[in-house]
Structure formats: C-alpha cells, structure tokens
Amino acid sequence: MKKIGFLSFGHWTPSPQSGTRSAADALLQSIDLAVAAEDLGADGAYFRVHHFARQLASPFPLLAAVGAKTSKVEIGTAVIDMRYENPLYMAEDAGAADIISGGRLQLGISRGSPEQVIEGYRYFGHEPAEGETDADMARRHTQRFLEVLSGEGFAQPNPRPMFPNPPGLLRIEPHSEGLRERIWWGAATTQTAQWTGTLGMNLQSSTLVMAESNKPFHIQQAEQIQAFRDAWKAAGHSGTPRVSVSRSIFALMNDMDRAYFGRGNSADQFGYLEPGKQAVFGRSYAAEPDQLIKELAEDEAIKAADTLLLTVPNQLGVAYNAHVIEAILKHVAPGLGWR
C-alpha cells in the first residue's frame, strides 16, 4: 500500500482573497489540516521551510504541535535548508519534536533552493569555509547532524557540573532512538541521489529535478530513484530505504474544483531554477477520477516511490484542502491499488 500525505508550503498574504492572511493563520491552519488529514486516513503531514518569506519557516514548533494534536499520521518536512542550520541545536529540536510525536517524525533536509535574499544563511551566522560552496557547507552540516543523532557521546563533561552527569562523554539531549533512520534528503540530480543512498538516508524528490536529459520529467525522476536504491544497496545498508515524490493532483469532483483547477492538465516544462542550471518541472494532474487513475498509472516515478505527497493550495483553507485530500484517498487511490 502506498503511503499518501500532503505537503504544504504554508503561504500567507494579507490579500482579502487569501484564506491565510497572517503567519498565525498559516501555522494554526497547518495544525488543523494535519488533524483533518489523519481523520480522513491520510498517512502524512509534511511542511516546506522557506526563510525570509511569508511561508512556513520554523518547523520544529509546528511539528511538535502537530505531534501533540495527532496520534498516527507521520509528520515531516520537505525540506529544511541545511545551509541555515546549527546541527547540534537542530538535533535537540528534532529529538524533542520526535519524542512529543511518539516517534513519528520523518525529517526531510537538503541543500535548499534559491531563497528570498542573497546568501541568507550568512544572516543566520553561517559562512562556508575556505574553498567550500554553500552546497558543501550544507552537506557538512548534514553529516554532523547525522553523527550526533546516533546518540554517541562526544562532549567532555565538566568535572564540577551543576547537576550530576552520567559516566563518559555526553551526547545531545533529548535523544530520540530511531530518528537517524527517519532522515530524508531532497535530491534533484542523479549524483545527489547516489550520495543520499551512500549515507543511508531516505530519498525525497519534488515536482522538479535538474534536467539531465530531454526525457519526460517522471522518467528522469524514476531514473534518479533507481540510482539511489542502487547506491544504498552498494553501501551495504540494512533495511529497505524509503522514497517520496511530490505531485500536484486534483480530482475534479464538483463545480468548485472545476473552477479552481479545471483548465486541463499542465505539461512538463524546462526552465532555469538558478542561472546556468536547467531544471525540468513536472506536470500537474487535474481531471475526473477515472481519467486521473489512467494518467497516474503511467507516472513511472510515482510507481517507483512508496510515498506520495500531495501539494496542497493552503491559502484555500482547511476545509477545501481536506476535500482535496479526501477525493484522492477515496476516489483515486483505490483504483490504483494504493488503498
């Protein structure tokens, strides 16, 4: 059975046309949507992280709140930009959120995408070392984060501490057992997908990948997924790695759906996410359920993944987004053998 969750960017704008006009609206409605999604039988509630933007930015308070309000749904990110993160502080926050949720955290991290400001990580106090790129710095932060999540002690204790210490070197607390196995990396190239598998992280792939050929988006994405799995196996990791892909999918069930999304499916598009880096952006799906089932059955990357994240138009409000999720769960997923 394929896991199905939602992915929200948590946009907000003071526009009268928006259902989320403030940061408070975006945060509180994110919690409400996670609760609604769990009630509908969805498997995951995932949130994007963007800094210096009117979007969700500080994931751990939100993840902890969702974890406290729900009991079954996976909670996660897709993705946290590791250029901005202090690995040790992040390990504390992640451990606390995972414990609050009862071990349901699925933490997606990555090098990140272009942000709202130039080299925004510098405002957060992070500078690439000499000879490093910002991507190198993100990977360095990631490897340190993975190390401390292992639970091994590394910090020399004070011989005269305020409170008694356990014997030996000290580790980050709180430590959440098993969280290391629930870390995902957002990859957009074959090389990065292979690196992800080598390090034993799970793989997240979004609605775009860097163009490595002129093949359709879903084929290029499926090839990256296979490269990831091959690298995981070659590295000798135990267990089975997980893979998620994101898609914009809307079942046209009523006049409101048709008004919002009934203009027909989009097509793959080639464009530039950054200067000199061509990307291929995957199509959106919007059709009657029977037609959606036929079209989605031909998406090779969705077939290759164990988890599908539905990108939701969060500014249309909790009730409408719950309807979007429910329509896929009830009227599309069974026809594809996902339920």
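The following paragraphs examine the structure supplied in this document. (Residues numbered from 1 in each chain as written. Predicted model: local features only at pLDDT ≥ 70, side-chain atom pairs only at ≥ 80, totals over all residues. Heavy atoms only, no water.)

Attention shifts here to the overall build of the protein. When you go through the protein residue by residue, the secondary structure sums to ten helices and 13 strands. For the C-alpha atoms alone, the extent of the protein along its principal axes is close to 70 × 40 × 40 Å. With 339 residues in all, the protein has 51% of them scored as buried. When contacts within the protein are restricted to residue pairs at least 6 apart in sequence, long-range pairs at least 24 apart make up 72% of them. Accessible area of the protein: about 15700 Å², with a carbon and sulfur share of 53%. Of the charged side chains in the protein, 31 are positive and 38 negative, and the gap between their average positions amounts to 2 Å. (Helix = DSSP H or I, 4+ residues; strand = E, 2+ residues; numbered from the N terminus. Buried < 20%, exposed > 50% of the residue type's maximum accessible area, 1.4 Å probe, protein only. Contact = heavy atoms within 4.5 Å. Areas by Shrake-Rupley, 256 points an atom, 1.4 Å probe, with all protein chains shown as cover. Lys, Arg positive; Asp, Glu negative; His and termini not counted. Charge placed at Lys NZ, Arg CZ, Asp CG, Glu CD.)

With that out of the way, let us pick up a nonpolar patch on the surface. A contiguous nonpolar surface patch, about 360 Å² in accessible area, is contributed by Phe52, Tyr123 and Phe124. Among the secondary structure elements, phenylalanine 52 is positioned in the loop between strand 2 (44-47) and helix 2 (59-69). On the basis of relative accessible area, phenylalanine 52 is assigned to the partly exposed category, the value being 42%. (Patch = residues over 30% accessible without salt bridge, like charges linked within 9 Å, V, L, I, M, F, W, Y side chains within 5 Å. Salt bridge = Lys/Arg side-chain N within 4 Å of Asp/Glu carboxyl O.)

The strands that make up a sheet are held in pairs by hydrogen bonds between backbone atoms, and each pair lies either parallel or antiparallel. Here we have eight strands rolled up into a closed barrel, ordered 1-2-3-4-5-6-8-13, and parallel in their pairing. Each strand of the sheet is rotated relative to its neighbour by a mean of 25°, with strand direction disregarded. (Pairing = 2+ DSSP bridges. Axes fitted to C-alpha atoms, helices over the stretch in contact; angles between N-to-C directions.)

With antiparallel pairing, three strands are arranged side by side in an open sheet as 7-11-10. Every other strand in the sheet has two partners, leaving strand 7 (208-210) and strand 10 (269-274) as the edge strands with one partner each. Here the strands of the sheet are splayed against their neighbours by 40° on average, with no regard to which way each runs. Helix 6 (residues 217-235) rests against strand 7, strand 10 and strand 11 (277-281) of the sheet, and its axis sits at about 70° to strand 7.

A few words now on the nonpolar core. In terms of nonpolar packing, the biggest core is built from 71 residues, with Phe6, Leu107, Ile109, Phe145, Ile183 and Leu292 touching the most fellow members. For this core, the leading source of residues is helix 1 (residues 23-40), giving six residues. If sequence neighbours within four positions are ignored, isoleucine 109 has contacts with Val79, Ile80, Met82, Met90, Thr142, Phe145, Ile183, Trp184, Trp185, Gly186 and Met201. (Core = buried A, V, L, I, M, F, W, Y, C linked by side-chain atoms within 4.5 Å.)

In a pair of packed helices, the angle between the axes and the distance between the axes together describe the arrangement. Packing of helix 2 against helix 3 (residues 87-101) leaves a shortest axis separation of 7 Å and a crossing angle of 15°. If you check the angle between helix 2 and helix 3, you find them roughly parallel. Like other packed secondary-structure pairs, helix 2 and helix 3 cross with a definite hand, here left-handed. Here helix 2 contributes Phe60, Leu63, Ala64, Gly67 and Ala68 to the contact with helix 3, which in turn contributes Met90, Asp93, Ala94, Ala97, Ile100 and Ser101. (Parallel < 35°, antiparallel > 145°, perpendicular 65-115°, else oblique. Left-handed = near helix turned anticlockwise from the far one by under 90°.)

That is the geometry; function is a separate question.
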